[in-house]
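The chain contents come next:
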Amino acid sequence: MKFLTLIISLLMAGLNVQAQTATEYFNKAANEYIYVNDQMALNTIDRGLNQYPDDVPLTKLKEKIEKEQQNQEQQQQQNQQQEQQEQQEQQNQEQQNEQNQEQQEDQQQNQEQEQQQPEEGEESEQKDQSEQAQQQETEEEGQEMEQPPQSRSEKLEELNLTEEKARMILEAMKNNEIQYIQQNRRKPRKKSDSNKPDW
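Since the model is a prediction, treat every value here as computed from it, not as a measurement. Every chain is numbered independently, its residues counted from 1 as its sequence is written. Side-chain atom pairs in this predicted model are given and counted only at pLDDT of 80 or more, local residue features only at pLDDT of at least 70, and totals for whole chains, interfaces and linings cover all residues. Think of the side-chain values as coming from all heavy atoms in the structure, minus any hydrogens and water.

### Re the overall build of the protein chain
No. 1: Secondary structure counts use DSSP, requiring at least four H or I residues in a row for a helix and at least two E residues in a row for a strand, with both numbered from the N terminus. Counting its regular elements, the protein chain contains six helices and zero strands.
No. 2: Mapped from its N terminus to its C terminus, the protein chain presents α and β elements in the order α-α-α-α-α-α.
No. 3: Counting over 199 residues, the protein chain shows a buried share of 15%.
No. 4: Per-residue and other accessible areas were derived by the Shrake-Rupley procedure at a 1.4 Å probe size, with only the shown protein chains allowed to occlude residues. Carbon and sulfur atoms make up 44% of the accessible area of the protein chain, which amounts to about 17000 Å² in all. Exposure categories follow from relative accessible area, calculated using a 1.4 Å probe and restricted to protein chains: below 20% of the type maximum is buried, above 50% is exposed, and the middle band is partly exposed.

Following this line, the structure appears as structure tokens:
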């Protein structure tokens, strides 16, 4: 299209000898428009129109360049608006994702707290039972120690046990009881089915 405009202007310049100088301006501006940049071409056209204000090819070329510049500016503005809109949408999406993640974390924490409360109750009960058992053992040991040595040794003789064997047996029983309590603590608690009634 640009070349066609150049050819037409050259033909018109050949018919009118007075427009030779205007044609030179036009040719120079057209080359700058095609090979250099729009602003330089407009400067050349303005110089030509100062000398030949009624020159039609120069006027039309100027209108064409200015129109293309306007279109480019509009396109750039549209692109910028579209980019801003996409960035805003992306920010909104990221905020929404963060809010959803926070809600999920809060729900998970609440569920964990609800699960821990009954477990803590069971652990405290087991701890109380273990403390009671240990207290009972110490009381029994204290009672045995309070007995006179003869009666204790007589009982051991009746059972055919030495004091050392009796202590080993008591230690073994104590260790077994402690292991039993610890194993009960480690067992996973069965979750009650919320759909079934408590009874």
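### What to know about the environment of Thr44
No. 1: Locating Thr44 in the fold gives a position in helix α3 (residues 38-51).
No. 2: Classification of Thr44 by relative accessible area gives buried; the value is 1%.
No. 3: Expressed as a C-alpha distance, the spacing of Thr44 and Glu32, which sit twelve residues apart in the sequence, is 8.6 Å.
No. 4: Excluding residues that lie within four positions of it along the chain, Thr44 makes contacts with Tyr25, Lys28, Ala29 and Glu32. Should any heavy atoms of two residues lie within 4.5 Å, those residues are counted as being in contact.

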